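Summary of the model geometry
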Amino acid sequence: MKLALEAFIRLIYPANCGICRRFLTLRENTLCSDCRETLTALRFSYEAMNTVFRSGDLNSGWFLYPYKSPVKDLLTGLKFLKKRHLTNAFNDDIGDIMTLIRSENRYDWIVPIPLDRGRKLERHFNQAELIARRARKSLNLPLRSCLKKKHSTMRQSTFSKEERIWNIRNSFKVARADSIQGKSILLVDDIYTTGATASEAARTLKECGASRIDIFAVARTQTELRKQVN
Ligand SMILES: [Zn+2]
């Protein structure tokens, strides 16, 4: 009877796994149990989630997964196919890492890395803000979208590390800059690649008097991880 009811509900409200497209049971959310297991297996160990930066304006970084499939597919679907609900696939893991972050640091605000106006109009949402909203639920902190893009920049993904720094330089501004003084801020983004964007955001906020800037990103590219080890 229960199975028949489930089948009936899924007939009216069908839902597919965000990775393998299999039909979901009522107990599954966004991902099927197999893909959920694959995602969990990919997660960094608690020790590997945190990176302390030895130079620059960013103090430390928190990362959940390496940027590879299926995390890469989920983030691509979120960003380019506009499937906002795919952020739910990360909900539990974001909750876990936020508990870890809360035990290590106290922040005043959560600040998403902004999109420029044109890209936000085209996409209708900022994926970093969706992730930041989930993070704030666990941290119970105000989410402030005080960081803005001054002008459009070319897509960072097409550039080398040096070109990314040049592309993003001076592209941020801060709304109500006088309120930043002394604030400890957790920046949030979907992917951390070379760190050029997060570093420029941190530099801009520190110029306004912020005391500490850390970054949380769902995924971190492996090239940077290898560099870190070497
Ligand atoms: Zn699946």
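Residues numbered from 1 in each chain as written. Predicted model: local features only at pLDDT ≥ 70, side-chain atom pairs only at ≥ 80, totals over all residues. Heavy atoms only, no water.

1. A few points about the coordination of the zinc ion
Listed as protein donors to the zinc ion are Cys17 (SG), Cys20 (SG), Cys32 (SG) and Cys35 (SG); their distances from the metal cover 2.3 Å. Because the angles between the four donor atoms bound to the zinc ion fall within 103 to 116 degrees, the donor set is best described as tetrahedral. Along the chain, the residues donating to the zinc ion are arranged with the sequence spacing C-x2-C-x11-C-x2-C. Placement of the pair is Cys20 in the loop between α1 (2-12) and α2 (33-42) and Cys35 in helix α2, with a sequence separation of 15 residues. (Donors = N, O, S within 2.8 Å, 3.2 Å for Na, K, Ca; no water. Tetrahedral: all angles 85-135°; square planar, octahedral: opposite > 155°, others 65-115°. Helix = DSSP H or I, 4+ residues; strand = E, 2+ residues; numbered from the N terminus.)

2. Some words on the packing of aromatic side chains
The relative placement of two aromatic rings is captured by the distance of their centres and the angle of their planes. Tallying each qualifying case throughout the model produces three aromatic pairs. Between Phe63 and Tyr192 the ring centres are 4.9 Å apart and the planes differ by 50 degrees, which places this aromatic pair in the tilted class. With Phe63 in strand β2 (residues 60-66) and Tyr192 in strand β6 (residues 184-192), this pair connects stretches of sequence that are 129 residues apart. Ring geometry for Tyr65 against Phe90: centres 5.6 Å apart, planes inclined by 50 degrees, an arrangement best described as tilted. Of this pair, Tyr65 sits in strand β2 while Phe90 is found in the loop between α3 (71-80) and α4 (91-104), placing the two residues 25 residues apart along the sequence. Among the aromatic residues, those joined into a cluster by ring pairs are Phe53, Phe63 and Tyr192. (Phe/Tyr/Trp six-rings, centres within 6.5 Å; stacked < 30°, edge-to-face > 60°.)

3. Considering the domain arrangement of the chain
Domain annotation for the chain reports domain 1 (1-42) and domain 2 (44-229). Between domain 1 and domain 2, the C-alpha centre-to-centre distance is 29 Å. On the domain 2 side, the residues contacting the nine residues of domain 1 number 14 residues. Of the roughly 990 Å² buried between domain 1 and domain 2, counting both surfaces, carbon and sulfur atoms make up 68%. Area buried by domain 1 at its contact with domain 2 is led by Thr30, Leu39 and Leu42, which between them contribute 57% of it. Inspection of the region where domain 1 meets domain 2 yields zero salt bridges. Inspection of the region where domain 1 meets domain 2 yields two residue pairs in polar contact (both at pLDDT 80 or more). A per-class count over the side of domain 1 that touches domain 2 returns four nonpolar, three polar and two charged. (Domains from an automatic or database assignment. Contact = heavy atoms within 4.5 Å. Buried area = accessible area lost by both parts, 1.4 Å probe. Salt bridge = Lys/Arg side-chain N within 4 Å of Asp/Glu carboxyl O. Polar contact = N/O pair within 3.5 Å; in protein donor to acceptor, adjacent residues only side chain to side chain. Nonpolar A, V, L, I, M, F, W, Y, C, P; charged D, E, K, R; others polar.)

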